[in-house]
Amino acid sequence: MQTTITLILTSALIAPPLSAAHNPSGYARTASIDGTVLDAAHSFNPHGTPIRLSRQSAGHYSIQYTGGRIPNSVSMVAAVGPGAHYCKIAGASNTIDTYDARIRCFDPAGNPSDTRYTHTLLRPDNPQRIAFAWFDGASLHPDHSWSPNGPITISTLGTGSYRVNFPGMTAPDHVQVTAQGDNNAYCSPYRWFSFVEVRCVDARNQPVHSAFIAAYASAAGQLDLGFAHQDEILLTESTHSPRLRYNSNNGAVTVTRTAYGAYSVRFKNINPAPQPAATGPTALVSGHGDESPNLRCGIDTIHSEDTDITVNLSCFGVNGESSNGLFSVTLLPPAQIRNPIAYTQSANRTGTATDSAFSFNPHGGEIETLRNGIGDYSLQYTGGPHPDAIDMAAAVGSEAHSCKTGASETGDHTYNARVLCFDANGRPIDTRFSHTLLRPYNPQHIAYARFDGTALDAGHSWSPYGPITATTIGTGTYRIGFPTAAVPDHVQVIAYGSDNTSCSPVHGTSAVEVRCVDASNQPTNSAFHIAYVRAMGQPRLGFASSQAPAAYNSTGGRVDITRITAASYQVKFASISPRGADGTKLNAIVTGGSIESLATSGADVYVNVSAPNGLFDVTLLMPQP
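The rules behind the values
Residues numbered from 1 in each chain as written. Predicted model: local features only at pLDDT ≥ 70, side-chain atom pairs only at ≥ 80, totals over all residues. Heavy atoms only, no water. Helix = DSSP H or I, 4+ residues; strand = E, 2+ residues; numbered from the N terminus. Buried < 20%, exposed > 50% of the residue type's maximum accessible area, 1.4 Å probe, protein only. Phe/Tyr/Trp six-rings, centres within 6.5 Å; stacked < 30°, edge-to-face > 60°. Lys NZ or Arg CZ within 6 Å of the ring centre and 35° of its normal. Salt bridge = Lys/Arg side-chain N within 4 Å of Asp/Glu carboxyl O. Disulfide = S-S within 2.5 Å. Pairing = 2+ DSSP bridges. Axes fitted to C-alpha atoms, helices over the stretch in contact; angles between N-to-C directions.

Caption draft 1: Fine view of unusual backbone geometry. Backbone geometry places arginine 129, a non-glycine residue, at a positive phi of 55°. Position of arginine 129 among the secondary structure elements: in the loop between strand S8 (116–122) and strand S9 (131–135). One non-glycine residue with positive phi stands out, namely aspartate 306, at about 55°. Structurally, aspartate 306 can be placed in the loop between strand S21 (296–305) and strand S22 (308–316). Residue classification places aspartate 306 among the exposed residues on the basis of a relative accessible area of 65%.

Structure follows, in structure tokens:
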């Protein structure tokens, strides 16, 4: 008899569909008002080749990203102070080996005028899932419009007034608009709900028909993104509107008026791993709302301090006078280090070979296995170190076997791990196994910790959300606190050490309770590894639990658990691999059971689990694009 348990993902759990490919945005900031000197510390070309600048005439510039075409993209621009100026995109084109954009900048009266500027190049499938649309003055330009949620539509409401419909648009959300063309028209977002209303004016502040580019971002767990939307006039300090603000690393976003028409927007801890050699952040800003036809805003400075980034901006009226008003700021912080997860699966019970179809070493080296004795295996990932990592293990097969990890160490060119496997009575036994190596700054933002039996091992614990805490409640019972932990969430726990203890999580609280037992199921103190995952838009990730309602699919597809036999279950992640199985190496972490098989069918992925008591947790990882 086959029983189906369906876990329906609510909107709070679903990230909008995202292609498997991620195209980082390009950006450039000028260091001189004549637009010919590049601020290399705040510029990035996704091809890794030079960015070239030139000036045609006063306020008329060209920017060229070399190294290859960047098709189906759009450009956005903002003036950089000092001085009251605004900028727009005059046009863009691709050649066989470059992307070229023309920029026009003006003084408040609409006269061409030299100024510094910052340029942002948005590409389809960008990591922040920023949707964009180019209205060419008559209709949507399909080759330069993209949304992860479906078709975009644009309609004209009247002279200089337009409605842009981005599918899935909700609050909190965020919008930026840049005018397009050679004239001095200025376009800005007027308001947005389930659609965006855009208004365009000339230098005299009169409605005028214009082409424009609109960009839309939602606060659905995107990485490397911050935004702030100020919807009321600030007199002094910030009015906290979390509905209108987003920080990809969950830090506070504060807006403060520093002078008349001048504002400071601070994103706390948005750059958790500052890199001395990394390029700096970029930002976009525009006035908006009832005040936007009279208000134009530019960036004064973008300042990084430790893990915080502050965008300072100034706003002015049509005569160039400083003016308080409403505005929107979008911040793209420096791209973080992303450490792909490493993993392997043994091809036989003796651990003498690995299954290359289910193995991945981010250093490109070999993965070697060795059997030390019955149920005792050593693994070595060659090619480079894996500092501050922890590992997880699971038995592979339909028998009632379990595996755990033992002592590990990292060298200059290797990571050495140990896996121990047992039968249902806690006796060592040879079996196939799966091994997963979690590293800091992994793309899925999986936080983890090693509890050594007494306290957390700081050298093998990492969280993008803040410090992890650990408390011993009683014999074999522990409480692990992950910052921002909530339901829905997902936890994996595995015992660590050389004995036959096992550990498992207790679900349903904002802190994770871990319980450890010996082979006779009696509470016992133990070291363990624990991993925590948030359902916040992480890419190439899925999870499910038979013990809790939490489930997640990174593309928004369904997650179904089907009972096949009394002790066998199938977990289906629908449409989680949009490009199918080609080039995809699957990996899963299972606790409370063993992995029977991993398989794909089109874009769907299936994890079959053997769990005698029906209590198990599954994490599906596809770290290799």
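Past the structure itself, the notes keep going.
Caption draft 2: Local environment of the packing of aromatic side chains. The full count for this structure, using the stated rule, is 22 aromatic pairs. Three or more aromatic residues joined by ring pairs make a cluster, and in this case those are Tyr86, Phe106 and Tyr186. When the ring centre of tyrosine 190 is taken as origin, the NZ or CZ atom of arginine 199, which lies over that ring, is 3.5 Å away. Taking NZ or CZ as reference, arginine 296 lies 4.6 Å from the ring centre of tyrosine 86, over its face.

Caption draft 3: Molecular detail of the pattern of salt bridges. Counted by the stated rule, this structure contains 19 salt bridges. Among the salt bridges present, the one from lysine 404 reaches aspartate 499, with a minimum N-O distance of 2.8 Å. Placement of lysine 404 in strand S28 (residues 402–405) and of aspartate 499 in the loop between strand S35 (489–496) and strand S36 (502–506) is noted, with a sequence separation of 95 residues between them. For aspartate 499, a relative accessible area of 38% gives the class partly exposed. The closest approach of N and O atoms between aspartate 604 and lysine 572, which form a salt bridge, is 3.8 Å. Pair noted here: aspartate 604 is in strand S45 (residues 604–610) and lysine 572 is in strand S42 (residues 568–573), with a separation of 32 residues, a long-range link. For aspartate 604, a relative accessible area of 17% puts it in the buried group. Given a relative accessible area of 26%, lysine 572 falls into the partly exposed group. Several salt bridges share partner residues, and in doing so they unite Arg266, Lys268, Glu305 and Asp308 into one network.

Caption draft 4: Structural detail: the state of the cysteines. With the rule as written, the count across this model stands at five disulfides. At a sulfur-sulfur separation of 2.2 Å, the disulfide partner of cysteine 87 is cysteine 105. When the S-S torsion is 105°, as for the bridge of cysteine 87 with cysteine 105, the disulfide is right-handed. Placement of cysteine 87 in strand S6 (residues 86–94) and of cysteine 105 in strand S7 (residues 98–106) is noted, with a sequence separation of 18 residues between them. Accessibility classification places cysteine 87 together with cysteine 105 in one group, the buried group.

Caption draft 5: View of the sheet that holds strand S23 (residues 327–332). If you walk across this open sheet you meet the four strands as S17-S16-S23-S20, and the pairing is antiparallel. Of all the strands in the sheet, the pair left with one neighbour each is strand S17 (245–247) and strand S20 (282–287). Within the sheet, the average angular offset between the axes of one strand and its neighbour, ignoring direction, is 10°.

That's the geometry; what it means functionally is another story.
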